[in-house]
Structure formats: C-alpha cells, structure tokens
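# Topology and contacts: notes
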Amino acid sequence: MIEQRPFGSTGLTVSRIGLGAGQVGERDVTEPQAERLLRGALDLGVTLVDTALSYGASEERIGRHLHDRRGDFVLSSKGGSGVEGHEDWSAGAVRASVEQTLRRTRSERVDVFFLHSCSLEVLERGEAQDALDAEVEAGRVVVAGYSGDNEALAYAASSSRFGALECSVNVADRWNLHHVVGQDPALGVIAKRPVANAPWRFDERPTGHYAELYWERLQQLRLDPGPLGWTALALRFTAHAPGVHSSIVGTAHLDHLRENVEAASAGPLPPEVVAHLDEAWDRVGADWPSST
Ligand SMILES: NC(=O)c1ccc[n+]([C@@H]2O[C@H](COP(=O)([O-])OP(=O)(O)OC[C@H]3O[C@@H](n4cnc5c(N)ncnc54)[C@H](OP(=O)(O)O)[C@@H]3O)[C@@H](O)[C@H]2O)c1
C-alpha cells in the first residue's frame, strides 16, 4: 500500500504519490474513463487529488465521481485569475475562485487552495493573500497555498503567508528543489510535473508539445535510465526528493497510475544512480530555471 505522510505542519496527511487531475479534465477523456481513474486512484491508496479551475471538466468530474468519498482524500485546487467579472488576483477573483471550486467539486471546504502561478509583483501587493486568509477564516479553505516557481516561489516560501507550496520538481528541473523546497519543514510541498511530462515517449523533438522543454533538457543531460527504465528513474527521484511530501503524476490512465505507485514504493534511487543524475545536472543544468 502506498505510504501516507504528514503534509508539513498543516495537520493534513497525503500519499507519497498523488493524482494530478489535469488530464481528468481533458475532452478526449471519456466520462467512464474519468470515473474509473478517479475511483481507482482512491482504491490504490492515493489520498491527494490536485485540480484547478482551469483544468477543463476536472473539478466537475471530481465532484461527480468522488462526492460520496470526499472524506477519503485531500483535495487541492488552484485559482485566482480568469474569473469572469473580476480583475485577476483581486480579492473578488480569489473569493469567486474558491466558491466555484466548492460548487464544482460538491465540497463544503477545499483542503488546500493555491494561488495559481501569480507573479512576484502580485505577491508583493498582498491582496490575494488577504483574500485567501479570509477564506481560511471562514472555514471554506483549510490551508492557503502558493503554486509557482523560481523567485516568486522563494518569495512565497519565506513570506509566512502560506502553509503549502506546489512547484516543478523532476530529473530535468531542480531550481526549486535546490533553492526553496525543504528549507521550511513546516510547509507542505507538492511536486508537479514529477515525471518531466514523460518526454522519452518522443523519438523526435516534440515541437510545440508541452514536453518539448524537458525533451530538450534530457538530450543535454544525456541520462541513462539503465535497468530501472525512465518512469521509475524519474518518479523515484521526485517522490523521494528531500522536502517533497507528494508527487502528483498527471495521467489519464489507471494502469499508468498503478505503475507509478509501484515505482515510488520501491524507495529512493540507489546511490550510484543519484550520483549519475547529480553529475549530469552539475555538468549542464546548474543554471536552468524551473519551468513555470
Ligand atoms: N500548478 C501548476 O501550474 C501546474 C502546472 C503543471 C502541472 N500541474 C499539476 O501537476 C500534475 C502533473 O503534471 P503534468 O501532467 O504536467 O506532468 P507529469 O506528471 O510529469 O507528466 C504527465 C505525463 O506523463 C505521462 N505518464 C504518467 N505516468 C506514466 C507512466 N507510468 N508511463 C508512461 N507515461 C506516463 C502521462 O501520460 P498518460 O496520460 O498516458 O499516462 C502524461 O502525459 C498535473 O496533472 C497538475 O495537477 C500544475
């Protein structure tokens, strides 16, 4: 069974592997497929489901297929911009985002609500954080979080305004890991893009595809997955990275999620594999920013 662990000092408990429910919201994922994936994830012991206002039908599908099991998982969602009738990152936009999430997911409260990639300038203004605090005060949100990367993430982490962070961490993306993650053990940390968008699926450069940046980085890193294979190599790196509490693999396929849970359950990577990854990173990756 998948390991459950404290989510920083938030009082929540999360599974080492979570479900990134971005794909659950996509149009080409059928309703029965979404149901099978969401319910199957909980059956596997996954207790963190991560979604966002902007993930298509994801929130509605979580509400539709998991409302009878709402007590069995930590729900994290994200918003603050793109809300009709509200200026992005205004107090009204944050409040309306939380309201939409609660309505769509059929929840009375959302466990973690992240400001979804707002800039450093927005964070410095503070209006969005004040609005999120009001949601916590009102009991609609349990933990206020920031989802983002690089300097904005570093600012958020040291601001004392958040209880949780979500950021990119994987074999081809380590800036957040080296500069922010784990520095404040009280913060709950979710790693997004934990398998680097699985770029090894593409023999040729996937021009214009989401995975293109990491495909290019893997070419430069010249990693050898060895007998472990790519998925296990990537996932064991992220899932056992110091300071990361849960790695939310995005998938539309329950068999992939099962494979991911099994891979992470095998434990941290052997030291010689870690040394190989570190050597490659130090050789070409040390100045790479995290992907936003
Ligand atoms: N806060 C933010 O701004 C932000 C940004 C990006 C992502 N996220 C969150 O993080 C989650 C994960 O990120 P992501 O989806 O971008 O990246 P990811 O988890 O690194 O990669 C997902 C890709 O890997 C494939 N995959 C997963 N497991 C696999 C396996 N065992 N074998 C082969 N392929 C596999 C999936 O395809 P299949 O569907 O075929 O399995 C999918 O295309 C998202 O769902 C979302 O919740 C948040």
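Note that residues are indexed from 1 along each chain, following the sequence as it is written. Local features in a predicted model are, by the rule used here, given only for residues with pLDDT of at least 70; side-chain atom pairs are given and counted only at 80 or more, and totals for whole chains, interfaces and linings are based on all residues. Remark: hydrogens and water are excluded; side-chain values derive from all non-hydrogen atoms of the structure.

So, on to the packing of aromatic side chains. Pairs were defined over the aromatic rings of Phe, Tyr and Trp, the Trp ring being its six-membered one, requiring ring centres within 6.5 Å. Orientation was assigned from the angle between planes: stacked under 30 degrees, edge-to-face over 60, tilted for the rest. Inspection of the entire model under this criterion finds three aromatic pairs. Relative to F162, the ring of Y146 has its centre 5.9 Å away and its plane inclined at 45°; by these criteria the two rings are tilted. You can see Y146 sitting in strand β7 (residues 141–147) and its partner F162 sitting in the loop between α6 (150–158) and β8 (164–168), a full 16 residues away along the chain. An identical accessibility class is assigned to Y146 and F162; each is buried. Residue placement shows R70 over the ring face of F73; its charged tip is 5.0 Å from the ring centre. Think of it this way: any DSSP run of H or I at least four residues long counts as a helix, any run of E at least two long counts as a strand, and we number them from the N terminus. Three exposure classes are used, based on accessible area relative to the maximum for each residue type with a 1.4 Å probe and protein chains only: buried under 20%, partly exposed in between, and exposed over 50%. Remark: a charge is flagged as sitting over a ring if the NZ atom of Lys or the CZ atom of Arg is within 6 Å of the ring centre and within 35 degrees of the ring normal.

The next thing to look at is the pattern of salt bridges. For this document, the term salt bridge refers to a Lys or Arg side-chain nitrogen within 4 Å of an Asp or Glu carboxyl oxygen. This model, assessed by the stated rule, comprises 21 salt bridges. Of the charged contacts, one joins R16 and E3 as a salt bridge, the two residues approaching to 2.8 Å between their closest N and O atoms. You can see R16 sitting in the loop between β2 (13–15) and β3 (17–20) and its partner E3 sitting in the segment before β1 (4–6), a full 13 residues away along the chain. Classification of E3 by relative accessible area gives partly exposed; the value is 38%. Across the pair R205 and E216 runs a salt bridge whose closest N-O atoms are separated by 2.3 Å. In this pair, R205 sits in the loop between β9 (188–192) and α8 (212–221) while E216 sits in helix α8, placing the two residues eleven residues apart along the sequence. One connected set of salt bridges, linked through shared partners, spans E3, R5 and R16.

Moving on: the UniProt feature "domain: NADP-dependent oxidoreductase" (unreviewed entry) in the chain. Mapped onto this numbering, the UniProt entry annotates "domain: NADP-dependent oxidoreductase" (unreviewed entry) at residues 16–281. Secondary structure across residues 16–281 comprises 42% helix and 16% strand; the distance between its end C-alpha atoms is 24 Å. UniProt positions are given in the numbering used here, feature names are shortened, and annotations may be inferred rather than shown by experiment.

Glancing now at the pairing of β8. The element β8 is extensively covered by neighbouring structure, given that five of its five residues are classed as buried. Judged by which residues are buried, β8 turns out to be covered on both faces: A164, E166 and S168 on one side and L165 and C167 on the other are all buried. One bridge is not enough; two strands pair if DSSP finds at least two bridges between them. Relative to β8, β7 runs parallel, the two sharing three bridges. Counted as the bridge partner of S147 is E166 from β8.

Summary of the distance rule: residues count as near a molecule or strand when at least one heavy atom falls within 4 Å of that molecule or strand. Near the ligand there are 30 residues, and of these D50, S147, G250, T251 and H256 occur at the shortest range. Between H256 and the ligand, the recorded distance is 2.5 Å, taken from a side-chain N or O atom to an oxygen atom. Look at the ligand: alone it shows 900 Å² of surface, and the protein chains cover 90% of it. Looking at the shell around the ligand, the elements with two or more residues in it are β10 (246–250) and α10 (254–265). Amino acid classes used here: Ala, Val, Leu, Ile, Met, Phe, Trp, Tyr, Cys and Pro are nonpolar; Asp, Glu, Lys and Arg are charged; the rest, including Gly, are polar. For the shell around the ligand, the residue count by class is ten nonpolar, 13 polar and seven charged. A 3.5 Å cut-off defines polar contacts: any pair of N or O atoms within that distance qualifies, except that in protein one atom must be a possible hydrogen donor and the other a possible acceptor, and neighbouring residues in sequence count only when both atoms are side-chain atoms. The method behind every accessible area is Shrake-Rupley, applied with a 1.4 Å probe, and residues are considered shielded solely by the protein chains displayed.

Before going further, it helps to examine the pairing of strand β5 (residues 74–79). Of all six residues making up β5, six are buried, and the element is well covered by its neighbours. Residues V74, S76 and K78 of β5 are buried on one face, and the alternating residues L75, S77 and G79, pointing to the opposite face, are buried as well. By the bridge criterion, three bridges tie strand β4 (residues 48–50) to β5 in an arrangement that is parallel. Its bridge partner lying in β5, D50 is registered against S76. Crossovers are marked right-handed if the path from the first strand over the helix to the second runs clockwise, as seen with the strands pointing away from the viewer. Handedness of the crossover joining β4 and β5 through helix α2 (residues 58–66) is recorded here as right-handed. The pairing of β5 with strand β6 (residues 110–116) spans four bridges and is classified as parallel. Each bridged residue has a counterpart across the sheet, and for G79 the counterpart in β6 is L115.

In a beta sheet, neighbouring strands are held together by backbone hydrogen bonds and run either parallel or antiparallel to one another. Strand order around the closed barrel formed by eight strands is β3-β4-β5-β6-β7-β8-β9-β10, with parallel pairing between neighbours. Each neighbouring strand pair of the sheet contributes to a mean axis angle of 25°, computed without reference to strand direction. Bridge count for β8 against β9 is five bridges, and the pairing is parallel. Paired with S168 across the strands is K192, a residue of β9. Any pair of residues with heavy atoms lying within 4.5 Å of one another is described as a contacting pair. Every axis in this analysis is a line fitted to C-alpha atoms, fitted for helices over the stretch in contact. Angles between the N-to-C directions lie between 0 and 180 degrees. Running at roughly 165° to β8, α6 makes contact with β7 and β8 of the sheet. The sheet strands contacting α10 are β3 and β10, and the helix crosses β3 at an angle near 155°.

Another aspect to go through is the packing of helix α1 (residues 31–43) against α2. Running from amino to carboxyl end, α1 crosses α2 at an angle of 65°, the nearest separation of the two axes being 10 Å. Considered as vectors, α1 and α2 are oriented roughly perpendicular to each other. As for the relative orientation of α1 and α2, their crossing is right-handed in sense. Contacts between α1 and α2 involve E31, A34, E35, L38, R39 and L42 from the first element and R61, I62, R64, H65 and L66 from the second. Residues of the contact of α1 with α2, tallied by class, amount to five nonpolar, one polar and five charged. Reported orientations rely on four angle classes, namely roughly parallel under 35 degrees, roughly antiparallel over 145, roughly perpendicular from 65 to 115, and oblique for the rest. Helix crossings get a hand from a simple test, with the near helix turned counterclockwise from the far one by less than a right angle marking a left-handed crossing and a clockwise turn marking a right-handed one.

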